[in-house]
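Listed here are the chains, written in short residue letters.
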Protein chains: 2
Amino acid sequence: MSLLVVGSIALDTVKTPFGERSDILGGAASFFSVAASFFTPVRLLGVIGDDFPECHVDLLRSRGVDLRGLERRAGGKTFRWSGSYEGRMDTATTRDVKLNVLGDFKPTIPDAYMDSAFVFLANTDPVTQAHVVRQLPGRRFAMLDTMNLWIDTKRDALIEAIRLVDGVVMNDEEARVLGGSSNLIFAMNALSNLGARLIVVKKGEHGAVMLRDGAFFALPAYPLDGVKDPTGAGDTFAAGFMGHLAATGDTSWSNLKKALAYGTVTASFTVEDFSLDRLLAIERADLDRRLSAFISMVTW
Amino acid sequence: MSLLVVGSIALDTVKTPFGERSDILGGAASFFSVAASFFTPVRLLGVIGDDFPECHVDLLRSRGVDLRGLERRAGGKTFRWSGSYEGRMDTATTRDVKLNVLGDFKPTIPDAYMDSAFVFLANTDPVTQAHVVRQLPGRRFAMLDTMNLWIDTKRDALIEAIRLVDGVVMNDEEARVLGGSSNLIFAMNALSNLGARLIVVKKGEHGAVMLRDGAFFALPAYPLDGVKDPTGAGDTFAAGFMGHLAATGDTSWSNLKKALAYGTVTASFTVEDFSLDRLLAIERADLDRRLSAFISMVTW
């Protein structure tokens, strides 16, 4: 089934202990689109400036991503993020952000996207997230991502958006803050009480845990000894998760478990190189092979 | 099969956001003995002073723990540890340590313990650990725990002890330091290259991961929203792990996986209350019920 993603498209400058790259393809929607394209056709809703290299557009097109929702703003500049990671690389330090065309982005949904069944609202203003999802009454399953900025500044709007969608995905620190507890499980139960139907929490190198209808499911991360750049891990985790759900059209609890495993292995490839370099070097069969290896590492 | 534990017996003073307790039963060998007694008969090798309350001795005896290796030093004082936990309670802050009789403890193995098949060397000087294990040629499976102090001050002796035993258990920070990498998987592979045959890494609320013969196995923690005191979590994790191995006499890879799950659920009870209070309030059937619930949370 079709999978729509709404979110940022960026030019990133990233520094890690393994090197530094400038103006590489980034942004939640870029990472999500390429990663989800292993599973199902993807529709992209986003905005770029006229400085955005045509080769990146070609790349997205080559992955079969529907670009009718890609707005190229004449005279505008693409969103730019610059960040660095040190030591264990478990947190990014933002060095510079220029919202540019993303600053006043009001997504207009093309008619051709109106029948989108699966929808992923990447991290953005929850007012915009709610606005988009309200225009898609035919959606079967929508999830949103968020960040501490919105938890701190637009908490009520965020909770309203969370109640509109079928699930939320966030990292553990965000879940602790929004759920109001340093205990993650307590915080997740609190999010459930706030109206979140499915809560998926990403814990980076510590795996992921989800909660729906009072039931928990948890997985460790795929064990990796060669992490080069964590940028995009969360977005491609969501892509593997949503991609598998959209491809199968099945949102049962047992399929959500498999989706969490697909999210885990998809993200595990992403962090093995900068930008989308590693994901672009593999095939779907590589994802499935790593999924099998992962299953043998977590079941007995 | 019999399970011998060598380690500290302490009187702890512990402060967490959920309260403060003074002079409660603590120490790695105490936690280990009580927790492992759910699985198999336990033999204890340790030292106390004549200030050690008789009720704690009675408690250990009531769990069927063999106390022929418990030395009560006349005129000496029991090892005391005072520590506190804040916020997420993921690290203990030591407020005071008095080694007392533990300071010059040289374990003498009673003849009745000489045929011990399974041996757990709780955290202590690696020279002492090596000395004990060398006196037990009939052992089938020995593991040791350690801490940053020995990694920093007696690295060579620690590596020598690690090569004598069948496995090591440590927390993730210790594994990163001893393995020489901020990447845990890289560090575990490095420990393997140093001569560790089985490496079990405890990650607290993030679960556990182990490595043997190039194969990894990982489990998340049991999801808990009511953690009161993390003291003893690592020791009772090791007790569930070693207890299951000793009870079954089976150290195959598939049984090690089940042992890791038993370690996880055993520790999950420990942290729900201070000292051994929670473990003393449950029965073996409670452990098995939680194991079943845990399995449904991690398999699909």
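Residues numbered from 1 in each chain as written. Chains lettered and ligands numbered in written order. Predicted model: local features only at pLDDT ≥ 70, side-chain atom pairs only at ≥ 80, totals over all residues. Heavy atoms only, no water.

**A closer look at the overall build of chain A**
Counting its secondary structure elements, chain A contains 10 helices and 13 strands. Taking 2.2 N^0.38 as the reference for a compact globule, 300 residues should give roughly 19 Å; the C-alpha atoms of chain A span a radius of gyration of 18 Å, in line with that estimate. By its C-alpha atoms, chain A is 55 × 40 × 35 Å across when sized along the principal axes. Of all 300 residues assigned to chain A, the portion counted as buried reaches 61%. (Helix = DSSP H or I, 4+ residues; strand = E, 2+ residues; numbered from the N terminus. Rg over C-alpha atoms; globule rule 2.2 N^0.38 Å. Buried < 20%, exposed > 50% of the residue type's maximum accessible area, 1.4 Å probe, protein only.)

**Things to note about the confidence of the model for chain A**
Taken residue by residue, chain A gives an average pLDDT of 97. The fraction at 70 or more is 100%. For this predicted complex, the interface confidence comes out at an ipTM of 0.88, alongside a pTM of 0.93. (pLDDT = per-residue confidence, 0-100.)

**A short note on the side chain of H56 of chain B**
All names here are of chain B. When you line up the elements, H56 lands in helix α2 (residues 54-62). The exposure class assigned to H56 is buried, which follows from its relative accessible area of 13%. For H56, the contacting residues outside a window of four places in its chain are L11, D23 and L25. (Contact = heavy atoms within 4.5 Å.)

**A word on the packing of helix α1 (residues 28-36) of chain A against helix α8 (residues 233-248) of chain A**
All names here are of chain A. The interhelical angle for the contact between α1 and α8, taken along N-to-C directions, is 40°, at an axis separation of 8 Å. Comparing the axis directions of α1 and α8 gives the class oblique. Handedness of the crossing formed by α1 with α8: right-handed. Across from A28, F31, F32, A35 and A36 in α1, the residues of α8 making contact are D235, T236, A238, A239 and M242. Per-class residue counts for the contact of α1 with α8 are 8 nonpolar, 1 polar and 1 charged. (Axes fitted to C-alpha atoms, helices over the stretch in contact; angles between N-to-C directions. Parallel < 35°, antiparallel > 145°, perpendicular 65-115°, else oblique. Left-handed = near helix turned anticlockwise from the far one by under 90°. Nonpolar A, V, L, I, M, F, W, Y, C, P; charged D, E, K, R; others polar.)

**Topic: unusual backbone geometry**
Residue and element names in this part refer to chain A. A positive phi angle is found at D23, which is not glycine, with a value near 55°. With respect to the helices and strands, D23 occurs in strand β3 (residues 19-26). Even without glycine at this site, M89 takes up a positive phi of about 60°. Assignment of secondary structure puts M89 in the loop between β6 (79-84) and β7 (93-98). Given the relative accessible area of 9%, M89 is considered buried.

**Quick look at the interface of chain A and chain B**
Contact residues are listed per partner, giving 33 residues for chain A and 33 residues for chain B. When the two sides are added together, the surface that chain A and chain B hide from each other amounts to roughly 2900 Å², 59% of it contributed by carbon and sulfur. Residues R176 of chain A and E205 of chain B are paired through a salt bridge, measuring 3.4 Å at the closest nitrogen-oxygen approach. Counting across the chain A and chain B interface gives 14 residue pairs in polar contact (both at pLDDT 80 or more). Looking at side-chain class alone, the side of chain A that touches chain B contains 16 nonpolar, 8 polar and 9 charged residues. (Buried area = accessible area lost by both parts, 1.4 Å probe. Salt bridge = Lys/Arg side-chain N within 4 Å of Asp/Glu carboxyl O. Polar contact = N/O pair within 3.5 Å; in protein donor to acceptor, adjacent residues only side chain to side chain.)

**Notes on the environment of I48 of chain A**
Residue and element names in this part refer to chain A. Secondary-structure assignment places I48 in strand β4 (residues 42-49). By relative accessible area, I48 is classed as buried at 1%. Here the alpha-carbon distance between I48 and V177, two residues 129 residues apart in the chain, equals 32 Å. When neighbours within four sequence positions are excluded, I48 is seen to be in contact with I9, V57, L70, E71, R72, R73, T78 and V101.

**Re the relation of the copies chain A and chain B**
By a simple turn and slide, chain A fits onto chain B: the slide is 0.0 Å along the axis, the RMSD is 0.0 Å, and the turn is 180°. Taken together, the rotation and translation describe the operation of a two-fold axis. Most of the interface of chain A is mirrored in chain B, where 100% of its interface residues are also at the interface. (Least-squares fit on C-alpha atoms with pLDDT ≥ 70 in both.)

**Some remarks on the pattern of salt bridges**
Oppositely charged side chains can pair when the atoms bearing their charge come close. Following the criterion strictly, the structure yields 46 salt bridges over all chains and no others. The partner of E20 of chain A in a salt bridge is R95 of chain A, with the nearest N and O atoms 3.2 Å apart. Pair noted here: E20 of chain A is in strand β3 and R95 of chain A is in strand β7, with a separation of 75 residues, a long-range link. Residue classification places E20 of chain A among the partly exposed residues on the basis of a relative accessible area of 44%. Among the salt bridges present, the one from R72 of chain B reaches E54 of chain B, with a minimum N-O distance of 2.8 Å. Of this pair, R72 of chain B sits in strand β5 (residues 66-73) while E54 of chain B sits in helix α2, and the two are 18 residues apart along the sequence.

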